[in-house]
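The primary structure of each chain is shown beneath.
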Amino acid sequence: QQLKVSPILDWDILMNQSAFDFATGLLEKLNLSLFAAIRVQDPGALEYVLKNHPRLPIHLVLETGNHNLEGIKSWIQYGKGQIKRVSLSSQIPKTRLASYISQLDVEVEILGLGPILLLYTPRHLLSKMPIEYQAPIENLASSEEDHHANFRTLENSHGTFLFHSKDYCLLEKTEELKGMGLSAFRLDFRLLGHFDDILKQE
């Protein structure tokens, strides 16, 4: 805030009940007035914020589904004016994305630079026992059906995530997307460099 930026509280994970209870307990200890908005993906998290913090703007993450306009509009309507931004899937074609932006009355965000999520499962595929609030396990995976290799695989307390070997990048399309009315262009560096040591061992 001293630097005149708008901090966003990032709560966009999918949760089981124990993780949800832990998160809500922590949330109530925070000074939420410090944040310009809260970012949620889990429907339970959305419901909790709507009921308990009705003045806190919401950025709703719809990247893993909701590729049709009616579904997106339904979530926005359910948010009762509290949802100020939706983050949409990078799989939506450009012409359709432009059409969606023109018909939605909230800000629209897409991934501009970062990892491409191919698969998520709540199962723990890299370890025999679930990890509870510990350092994640990282490894590389290869396909048995074709020549694709070095899929980045991350396991943490929420399950297992499989990412493409290459990052997604739309930086050269910035002006075009801005002209379409896109409000936010997310740069996701959370996995940047995490798998470099594993690749060096290959």
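Here's a quick rundown of the structure. Keep in mind that what you see is a predicted model, and the values were worked out from it rather than measured.

## Overview of the sheet that holds strand S8 (residues 151-156)
If you trace the 4 strands from one edge of the open sheet to the other, you get S6-S9-S8-S7, paired in antiparallel fashion. Of all the strands in the sheet, the pair left with one neighbour each is strand S6 (117-121) and strand S7 (137-141). Here the average twist between neighbouring strands, direction ignored, is 20°. Both S7 and S8 contribute to a ladder of 5 bridges, which runs antiparallel. Within S8, the residue paired with Glu138 across the bridge is Leu154.

## Overview of the pattern of salt bridges
For the structure on display, the rule yields 10 salt bridges. Residue Arg39 pairs with Asp12 through a salt bridge whose shortest N-O separation is 3.7 Å. One end of the pair, Arg39, is in strand S2 (residues 37-40); the other, Asp12, is in the loop between strand S1 (8-11) and helix H1 (17-27), with 27 residues separating them in the sequence. Assessed through its relative accessible area of 9%, Arg39 is described here as buried. Residues Lys51 and Glu47 are paired through a salt bridge, measuring 3.7 Å at the closest nitrogen-oxygen approach. With Lys51 and Glu47 both in helix H2 (residues 43-52), this residue pair falls 4 residues apart, about one helical turn. For Lys51, a relative accessible area of 63% gives the class exposed. Among the charged side chains, a network of salt bridges with common partners joins Asp10, Asp12, Arg39, Glu63, Arg85, Glu107, Glu109 and Arg186.

## Quick look at the layout of surface pockets
Considering only enclosed or pocket space, the largest pocket measures out at about 1300 Å³ in volume. In this structure, the largest pocket is lined by 44 residues; those nearest its centre are Asp12, Ile13, Gln41, Phe161 and Arg190. Counting only elements with at least two residues in the lining of the largest pocket, the list comes to S1, H1, S6, S8 and strand S9 (159-163). Examining the composition of the lining of the largest pocket, we find that 5 residues originate from one element, H1, more than from any other. Within the lining of the largest pocket, the residues separate by chemical class into 26 nonpolar, 10 polar and 8 charged. Quantified by volume, the second largest pocket comes out at close to 220 Å³. If you trace the second largest pocket, you find it lined by Ile8, Asp10, Arg39, His59, Arg85, Glu109, Ala184, Phe185, Arg186, Leu187, Asp188 and Arg190. Listed by contribution, the elements that provide at least two residues to the lining of the second largest pocket are S1 and strand S11 (184-187).

## Remarks on H2
Within the span of H2, buried status applies to Ala45, Leu46, Tyr48, Val49 and Leu50. At its buried positions, H2 is contacted by S1, H1, S2, strand S3 (58-62), helix H3 (69-78) and strand S4 (83-88). Of the residues that open H2, the one with a side-chain oxygen 2.7 Å from the backbone nitrogen of Gly44 is Asp42.

## Thoughts on the pairing of S1
Side chains Leu9 and Trp11 project from S1 onto a buried face, and the interleaved Ile8 and Asp10 project onto a face without burial. Pairing geometry for S1 and S2, over 4 bridges, is parallel. Within the sheet, the bridge partner assigned to Leu9 lies in S2 and is Ile38. In this view, the connection linking S1 to its parallel neighbour S2 by way of H1 has right-handed handedness.

Procedures and definitions
Residues numbered from 1 in each chain as written. Predicted model: local features only at pLDDT ≥ 70, side-chain atom pairs only at ≥ 80, totals over all residues. Heavy atoms only, no water. Pairing = 2+ DSSP bridges. Helix = DSSP H or I, 4+ residues; strand = E, 2+ residues; numbered from the N terminus. Axes fitted to C-alpha atoms, helices over the stretch in contact; angles between N-to-C directions. Salt bridge = Lys/Arg side-chain N within 4 Å of Asp/Glu carboxyl O. Buried < 20%, exposed > 50% of the residue type's maximum accessible area, 1.4 Å probe, protein only. 1 Å grid on protein atoms, 1.4 Å probe; cavity = no way out; pocket = protein on both sides within 12 Å on 5 of 7 lines; lining within 4 Å. Points joined across faces, edges and corners; volume = space filled by probe spheres on them. Nonpolar A, V, L, I, M, F, W, Y, C, P; charged D, E, K, R; others polar. Contact = heavy atoms within 4.5 Å. Polar contact = N/O pair within 3.5 Å; in protein donor to acceptor, adjacent residues only side chain to side chain. Right-handed = clockwise from strand over helix to strand, strands pointing away.

Function-wise, these values are silent; they only describe arrangement.
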